[in-house]
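# Secondary and tertiary structure notes
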Amino acid sequence: MARVLVLPGDGIGPEVTAEAVAVLRQLAPDVQLEERLIGGCAIDAEGAPLSDATVARAKDCGLVLLGAVGGPKWDKLPPNLRPERGLLRIRKELGLYANLRPATVFKALADASPLRRECVEGVDLVVVRELTGGIYYGEPRGRDDQPGLRRARNTEVYDEREVARIARTAFRLAQDRKRLVTNIHKANVLEVSAFWNEIVEEIAPEFPDVRLEHQLVDSAAMVLLRDAPKFDVLLCPNLFGDILSDEAAMITGSLGMLPSASLGDAGRGLFEPIHGSAPDIAGQDKANPLAAILSVAMLLESGLGRPKDAARVRRAVELTIDAGYRTGDLGRGPGQTLLGTRAMGAKVREALG
Ligand code: IPM
Ligand code: MG
């Protein structure tokens, strides 16, 4: 029987995760759920942002539904004790090297974008971010003080296996979409980037039906603002993917709408909304639960192999939006109804039938 470990985390994490779990229970009552701590709350209760016991449970379940981690309370802790380290550790421990971050514009929400409607209408892209390598994990790292001169460093490292597998993820995904992979790099300056490109080029012939383009990361940041609808799959190393996925998310105007999946081999996966813990509105029943609910759709599809149920969830979210229901982050126009977190979750479950 399928088991999912639920890690609500900090800030608005528990509120949005509760709504996501309710959707999952309604659609898949056979799936066993179990809950544990991650992030700041785990630091407070267990002395570390991710305990060994939780790692063991996560490996056992294989599938994780996560809320968000972090908050001002833990911002002053030393780097290895910060809530974010919990997230980095669970990705690494489960081998979740492929992070899929779709950015799509819901028609009814196109006016919520900070960009003009014509720059965002039709945006349907996925950032494929390498998630367990690169500068976020490379050694040597940390303070490297010299006599009389304070210094710090991080290291960007990739080996050919790491690049090849994430490249294949991107190409495979593109095959079911618009068949374009845009590889994001900074090869005009970084050797590791030139190496990354070389491996991606070697993999490309395995997918003759997919077009491969290369784009410098700085220029990609610009094109995302000017002409995002042209993109399909953006293949990114860890750091570039982190940055561009926030940009891509924002141009859709609905950070609170976007889910993500982090996948590894052997059916392992972690599913989470891409928004953070939003401590400023935590505990006030204001957060938008739709990204968490759409993360359940990704869990159903990629984790549990139930694409039909995933489609039902997406449809229910769309119906709810089309019916004019909005949480505060989405901006409210005439004839639309402002709802809190719980009421929004209830509307989606109602639409699920
Ligand atoms: C993300 C976040 C994390 C990351 C942080 C919280 C460690 O920004 O998932 O994009 O950088 O990967
Ligand atoms: Mg990020």
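With the rule as written, the count across this model stands at one cavity of 30 Å³ or more. Approximately 30 Å³ is the volume found for the largest cavity. Forming the boundary of the largest cavity are R101, P102, A103, V127, S245, A248, A249, L258 and I274. Contributing elements (two or more residues each) for the lining of the largest cavity: β4 (98-104) and α9 (238-251). Of the residues contributing to the lining of the largest cavity, the split by class is seven nonpolar, one polar and one charged.

Next up on the list: the site of ligand 1. If you check the shell around ligand 1, you find E84, R91, R101, R129, Y136 and D242 and nothing else. Within the side chain of R91, one N or O atom sits 2.7 Å away from an oxygen atom of ligand 1. Between an oxygen atom of ligand 1 and a side-chain N or O atom of D242, the distance comes to 2.8 Å. Of the pockets mapped on this structure, ligand 1 occupies the second largest pocket.

In this fold, R332 is placed in the loop between β13 (325-326) and β14 (337-338). Between the C-alpha atom of R332 and that of F271, which follows or precedes it by 61 residues, the distance is 28 Å. Excluding anything up to four places from it in sequence, R332 contacts T337 and L338.

In this section: the environment of A2. Relative to the helices and strands, A2 is located in the segment before β1 (3-9). A2 sits 28 residues away from D30 along the chain, and the two C-alpha atoms are 7.8 Å apart. In contact with A2, other than residues within four places in its own chain, are D30, V31, Q32 and L304.

Turning our eyes to something else, we now look at the packing of aromatic side chains. All chains considered together, the criterion is met by two aromatic pairs. Between Y158 and W196, the ring centres sit 5.0 Å apart and the planes meet at 65 degrees, which makes this aromatic pair edge-to-face. With Y158 in the loop between β7 (152-153) and α6 (160-175) and W196 in helix α7 (residues 191-203), this pair connects stretches of sequence that are 38 residues apart. Among the residues examined, Y158 registers a relative accessible area of 7% and is labelled buried. Its relative accessible area of 2% is what places W196 among the buried residues. Taken together, a centroid distance of 5.2 Å and an interplanar angle of 10 degrees make the contact between F171 and F207 stacked. Here F207 lies in the loop between α7 and β9 (211-216) and F171 lies in helix α6, a separation of 36 residues in the sequence. A residue is classified by how much of its surface remains accessible, and F171, at 0% relative accessible area, is buried. Assessed through its relative accessible area of 7%, F207 is described here as buried. Seen from the ring of Y137, K92 lies directly overhead, with NZ or CZ sitting 4.6 Å from the centre.

Here the focus is the pairing of strand β2 (residues 32-35). Working note: regular strand, side chains alternate between the two faces of the sheet. Where β1 and β2 come together, four bridges link them in parallel fashion. What sits directly across from R3, in β2, is Q32. With helix α1 (residues 13-27) bridging β1 and the parallel β2, this β-α-β connection has right-handed handedness.

Glancing now at the layout of surface pockets. Computed from the structure, the largest pocket encloses a volume of approximately 850 Å³. Taken together, 27 residues form the lining of the largest pocket, with P102, L173, M298, E301 and R314 sitting closest to its centre. For the lining of the largest pocket, the secondary structure elements donating two or more residues are β4, β5 (124-130), α6, β11 (259-263), α10 (290-303) and α11 (307-322). Looking at the lining of the largest pocket, its residues break down into 14 nonpolar, four polar and nine charged. One number sums up the size of the second largest pocket: a volume of about 490 Å³.

Within the largest apolar cluster, 87 residues are counted, with the highest numbers of intra-cluster contacts made by L125, F171, L224, L235, M257 and L300. With nine residues, α10 is the largest single contributor of residues to this core. If near-sequence neighbours (up to four positions away) are discounted, L235 is found in contact with V128, I166, A167, A170, V181, T182, N183, I184, W196 and V200. Judged by nonpolar contacts, the second largest core, of 15 residues, contains L5, V55, I90 and L270.

The rules behind these values
Residues numbered from 1 in each chain as written. Chains lettered and ligands numbered in written order. Predicted model: local features only at pLDDT ≥ 70, side-chain atom pairs only at ≥ 80, totals over all residues. Heavy atoms only, no water. 1 Å grid on protein atoms, 1.4 Å probe; cavity = no way out; pocket = protein on both sides within 12 Å on 5 of 7 lines; lining within 4 Å. Points joined across faces, edges and corners; volume = space filled by probe spheres on them. Helix = DSSP H or I, 4+ residues; strand = E, 2+ residues; numbered from the N terminus. Nonpolar A, V, L, I, M, F, W, Y, C, P; charged D, E, K, R; others polar. Near = heavy atom within 4 Å. Polar contact = N/O pair within 3.5 Å; in protein donor to acceptor, adjacent residues only side chain to side chain. Sits in = over half its atoms within 2 Å of the grid points. Contact = heavy atoms within 4.5 Å. Phe/Tyr/Trp six-rings, centres within 6.5 Å; stacked < 30°, edge-to-face > 60°. Buried < 20%, exposed > 50% of the residue type's maximum accessible area, 1.4 Å probe, protein only. Lys NZ or Arg CZ within 6 Å of the ring centre and 35° of its normal. Pairing = 2+ DSSP bridges. Right-handed = clockwise from strand over helix to strand, strands pointing away. Core = buried A, V, L, I, M, F, W, Y, C linked by side-chain atoms within 4.5 Å.

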